[in-house]
Amino acid sequence: MPAQPSPPRRTAEPRVTRQRLAVGRTLDSLDDFVSTQELHRLLQDRGEQVSLATTYRILQSLADEEQVDVLRGADGEALYRRCEAAHHHHHLVCRRCGKAVEVEAPAVENWAARLGKEHGFTDVAHTVEVFGLCPDCSR
């Protein structure tokens with residue numbers, strides 16, 4: 001008798017835990033990008049009992065669910081912030097203080113689509129982060 005195919009796997013909804021809620025509240029209170037280490041320190045300062053490993057897992061889960069923006073700092077470390085825009089966007093980030101501004105970039109979108117098409121690629125995705133000094137840090 002041939003083996004029966006397995007039913008399709010459903011992606012489980014993330015469990016809403018005390019730790020996940022604490023991470024979410026803390027992210028909601030921030031305006032700029034934060035590293036996992038910085039977020040963990042903020043959680044500890046607020047008296048939240050969330051381990052560093054759990055903080056990493058929750059942030060990765062939120063990133064997978066596209067509930068946070070992720071960018072890489074100058075040192076390559078992942079930085080996180082709650083998404084303000086529900087659609088594809090890019091960031092202009094201050095190298096000194098970390099302030100970030102969400103920006104629309106239709107020219108980049110068109111360029112990426114055209115580049116993919118020219119080379120026969122499909123399902124093209126991209127990430128563009130622009131770094132500089134914000135007006136406050138430029139003074």
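Residues numbered from 1 in each chain as written. Predicted model: local features only at pLDDT ≥ 70, side-chain atom pairs only at ≥ 80, totals over all residues. Heavy atoms only, no water.

A. Representation of helix H4 (residues 106-118). Counted at 1.5 Å a residue, the expected span for H4 with its 13 residues is 18 Å, and the 18 Å between its end C-alpha atoms agrees. Positioned one or two residues after H4, Gly-120 has a phi angle of 75°, which is positive. (Helix = DSSP H or I, 4+ residues; strand = E, 2+ residues; numbered from the N terminus. Expected span 1.5 Å × (residues − 1).)

B. Quick peek at the pattern of salt bridges. Counted according to the given criterion, the structure contains seven salt bridges. Two residues, Glu-65 and Arg-20, come together in a salt bridge whose shortest N-O distance is 2.6 Å. On the criterion of sequence distance, the pair formed by Glu-65 in the loop between helix H3 (52-64) and strand S2 (68-72) and Arg-20 in helix H1 (residues 18-28) is long-range, its members being 45 residues apart. Arg-20 gets classed as buried once you look at its relative accessible area, which sits at 14%. Arg-81 serves as the salt-bridge partner of Glu-102, at 3.0 Å between the closest nitrogen and oxygen. Here Glu-102 is found in strand S5 (residues 100-103), whereas its partner Arg-81 is found in strand S3 (residues 78-82), with 21 residues between them in sequence. Its relative accessible area of 3% is what places Arg-81 among the buried residues. (Salt bridge = Lys/Arg side-chain N within 4 Å of Asp/Glu carboxyl O. Buried < 20%, exposed > 50% of the residue type's maximum accessible area, 1.4 Å probe, protein only.)

C. Up close: the UniProt feature "binding site: Fe cation" (unreviewed entry) in the protein. UniProt annotation of "binding site: Fe cation" (unreviewed entry) refers to His-88, Glu-109 and His-126 when read in the numbering used here. These annotated residues cover 39 residues of sequence, and their C-alpha atoms all fall within 9.7 Å of one another, placing them together at a single site. Locating His-88 in the fold gives a position in the loop between S3 and strand S4 (90-94). Residue His-88 is classed as partly exposed on the basis of its relative accessible area of 41%. Once you skip the residues sitting within four places of it in the chain, His-88 turns out to touch Glu-104, Glu-109 and His-126. The exposure class assigned to Glu-109 is partly exposed, which follows from its relative accessible area of 27%. What Glu-109 contacts, discounting residues up to four positions off in sequence, is His-88, His-90 and His-126. (UniProt positions renumbered as here; feature names shortened; annotations may be inferred. Contact = heavy atoms within 4.5 Å.)

D. Focus on H1. Among the residues making up H1, those that are buried are Arg-20, Ala-22, Val-23, Gly-24, Thr-26 and Leu-27. Looking at the packing, one finds that the buried side of H1 touches strand S1 (34-35), helix H2 (36-45), H3, S2 and S3.

E. Representation of the packing of H1 against H2. Packing of H1 against H2 leaves a shortest axis separation of 10 Å and a crossing angle of 105°. As summarised for this structure, H1 and H2 are arranged roughly perpendicular, according to the angle between their axes. Side by side, H1 and H2 meet where Ala-22, Val-23, Thr-26 and Leu-27 of the first sit next to Leu-39, Leu-42 and Leu-43 of the second. Its residues assigned to classes, the contact of H1 with H2 comprises six nonpolar, one polar and no charged. (Axes fitted to C-alpha atoms, helices over the stretch in contact; angles between N-to-C directions. Parallel < 35°, antiparallel > 145°, perpendicular 65-115°, else oblique. Nonpolar A, V, L, I, M, F, W, Y, C, P; charged D, E, K, R; others polar.)

F. Quick peek at the side chain of His-90. Turning to its location among the elements, His-90 is positioned in strand S4. Classification of His-90 as buried rests on a relative accessible area of 2%. Polar side-chain contacts of His-90 include one of 2.7 Å to the side chain of Glu-109. A distance of 3.2 Å separates a polar side-chain atom of His-90 from the backbone oxygen of Val-128. Setting aside chain neighbours within four positions, we find His-90 in contact with Val-101, Glu-102, Val-103, Ala-105, Val-108, Glu-109, His-126, Thr-127, Val-128 and Glu-129. (Polar contact = N/O pair within 3.5 Å; in protein donor to acceptor, adjacent residues only side chain to side chain.)

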